[in-house]
Amino acid sequence: ELGIEGRMVVVTKVPHLGVGLGIADADRLVRKSVLKSLKRLNMETLPICLFHQESNAEYLESLLKLKDAGLVGRAGCSVMTPHATSHIVEEGLAEAIQVPGSILDRRFFDLGICNKAAEKGITVFLRSIYLQGLLVMPEGNIGAEHAEVVPSRRRLKRIADEAGITLSELGLRFALSIKDVASVLVGVDTSSQMQENIRMFKKGPLPPRLLDAVCQAAPALPENIIMPNKWSKRMADTTSAGA
């Protein structure tokens, strides 16, 4: 017993289903996934359940049916692109979204998507705050494909050094500074990383002066840098504090 009942919210996902399914097939596959998760988690209701990819947002109605049946609390979708996410938010198709965002990738913040979602009562989760490790890995591990990120990283490193913190802390506390985000997701590999993450979380958002400096130091980068699905391969070393 961890003693954390009532202090945490379980969020799980429906695996990618492909596209173009009929209503009956979508209903069947979504229900099968949800029931499987409930059995594994030994729960009666999934507090929040998301589709794994934005292309499956067309099946949100199938997930909402399970909400009506009491099997799901809030239904939503993990997203990748601002265009698709804007449609999901504007049409009120989801009750929760999981968006990528970091110092290096501020598209969803700068376009006001997180703000619009929050105004509509949509829960916003933030993932990939270290951009698959590109923000925090040793500079020597960055290949030619991503060389364009190096100048921004060096400027951010100087800001972090002057503030007496690490790049990891700068990145995490930047994420905590986005007021429309309900939760920041950070992966861990070891208990020591978990303890370090907790320490950084406790320090809270960046002060306004530091936040402004960070935004000025990292101008917009092209999609081939900020969208991992466009990379020729995943990074060999995502290093500390998760991706």
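The structure displayed is predicted, hence computed values, not measured ones. (Residues numbered from 1 in each chain as written. Predicted model: local features only at pLDDT ≥ 70, side-chain atom pairs only at ≥ 80, totals over all residues. Heavy atoms only, no water.)

Observations regarding the overall build of the protein chain
Inclusion rule: Here a helix means four or more residues in a row that DSSP labels H or I, a strand means two or more in a row labelled E, and each is numbered from the N terminus. Taken over C-alpha atoms, the radius of gyration is set against a globule rule of 2.2 Å times the number of residues to the power 0.38. Exposure classes here rest on a 1.4 Å probe applied to the protein chains alone. A residue is buried below 20% of its type maximum, exposed above 50%, and partly exposed in between. In this description, contact between two residues means that some pair of their heavy atoms is separated by no more than 4.5 Å.
A tally of regular secondary structure across the protein chain gives 10 helices and 6 strands. For 243 residues, the compact-globule estimate of 2.2 N^0.38 gives 18 Å, and the protein chain sits close to it at 19 Å. Considering only C-alpha atoms, the protein chain reaches an extent of 55 × 40 × 35 Å along its principal axes. Buried positions account for 46% of the 243 residues belonging to the protein chain. Long-range pairs, those at least 24 residues apart, make up 75% of the contacts in the protein chain between residues at least 6 apart in sequence.

Some words on the side chain of Arg106
Applied cut-off: As used in this structure description, the phrase polar contact means that two N or O atoms lie within 3.5 Å; if the pair is within protein, one of them must be able to donate a hydrogen and the other to accept it, and residues adjacent in sequence are counted only when both atoms belong to side chains.
Note that Arg106 resides in the loop between β4 (96–100) and α4 (107–110). A polar contact is formed between the side chain of Arg106 and the backbone oxygen of Ile103, at a distance of 3.0 Å. From its side chain, Arg106 meets the backbone oxygen of Cys215 in a polar contact 3.1 Å long. Setting aside residues no more than four positions away along its own chain, Arg106 makes contact with Phe174, Val214, Cys215 and Ala218.

Section: the sheet that holds strand β2 (residues 46–51)
The following threshold applies: Here, any two strands with at least 2 DSSP bridges between them count as paired. Angles here are taken between N-to-C directions and fall from 0 to 180 degrees, while the axes themselves are lines fitted to C-alpha atoms, restricted in helices to the stretch in contact.
Strand order in the open sheet formed by 6 strands is β1-β2-β3-β4-β5-β6, with parallel pairing between adjacent strands. Because the sheet does not close on itself, it has two edges, and the strands there are β1 (11–14) and β6 (183–184). Of the pairings in the sheet, the one linking strand β3 (residues 72–78) to β4 comprises 3 bridges and is parallel in character. Looking at β4, one finds that Cys77 is bridged to Ile97. Sitting on the sheet, helix α2 (residues 60–68) is in contact with β1, β2 and β3, with an inclination near 165° to β3.

A closer look at the packing of helix α6 (residues 150–163) against helix α9 (residues 208–217)
Counted only if it meets this: Reported orientations rely on four angle classes, namely roughly parallel under 35 degrees, roughly antiparallel over 145, roughly perpendicular from 65 to 115, and oblique for the rest. Left-handed is the label given to a crossing in which the near helix is rotated counterclockwise from the far helix by less than a right angle, and right-handed is the label when the rotation is clockwise. Residues are grouped as follows: Ala, Val, Leu, Ile, Met, Phe, Trp, Tyr, Cys and Pro are nonpolar; Asp, Glu, Lys and Arg are charged; every other residue, Gly included, is polar.
Between α6 and α9, the least distance of the axes is 9 Å, while the angle of their chain directions is 160°. In terms of orientation, α6 and α9 fall into the roughly antiparallel class. Two packed elements cross with a definite hand, and for α6 against α9 that hand is right-handed. Where α6 abuts α9, its residues Ser152, Arg155, Leu156, Ile159 and Ala163 lie against Leu210, Ala213, Val214 and Ala217. Within the contact of α6 with α9, the residues separate by chemical class into 7 nonpolar, 1 polar and 1 charged.

Some points on the side chain of Glu169
If you trace the backbone, Glu169 turns up in helix α7 (residues 167–176). For Glu169, a relative accessible area of 2% gives the class buried. Side chain to side chain, Glu169 and Arg199 meet in a polar contact 3.1 Å long. The contacts of Glu169, once residues within four sequence positions are left out, are Arg199, Met200 and Lys203.

Details of the pairing of β1
Applicable threshold: The definition of a right-handed crossover adopted here requires that, viewed with the strands pointing away, the path from the first strand over the helix to the second runs clockwise.
Sheet analysis places β1 next to β2, joined by 4 bridges and oriented parallel. Residue pairing across strands places Thr12 opposite Cys49, the latter belonging to β2. Read from β1 through helix α1 (residues 23–41) to β2, the crossover connection turns out right-handed.

A short note on the packing of aromatic side chains
Each aromatic ring pair is described using two quantities: the centre-to-centre distance and the angle formed by the ring planes. Definition in use: Two rings from Phe, Tyr or Trp (for Trp, the six-membered ring) form a pair when their centres sit within 6.5 Å of each other. Planes less than 30 degrees apart are called stacked, planes more than 60 degrees apart edge-to-face, and all others tilted.
Across all of its chains, the model carries 2 aromatic pairs by this definition. Ring geometry for Phe109 versus Phe174: centroids 6.2 Å apart, planes at 55°, classification tilted. Taken as a pair, Phe109 in helix α4 and Phe174 in helix α7 lie far apart in primary sequence, 65 residues in all. Both residues of the pair, Phe109 and Phe174, count as buried.

On their own, these measurements won't tell you what the molecule is for.
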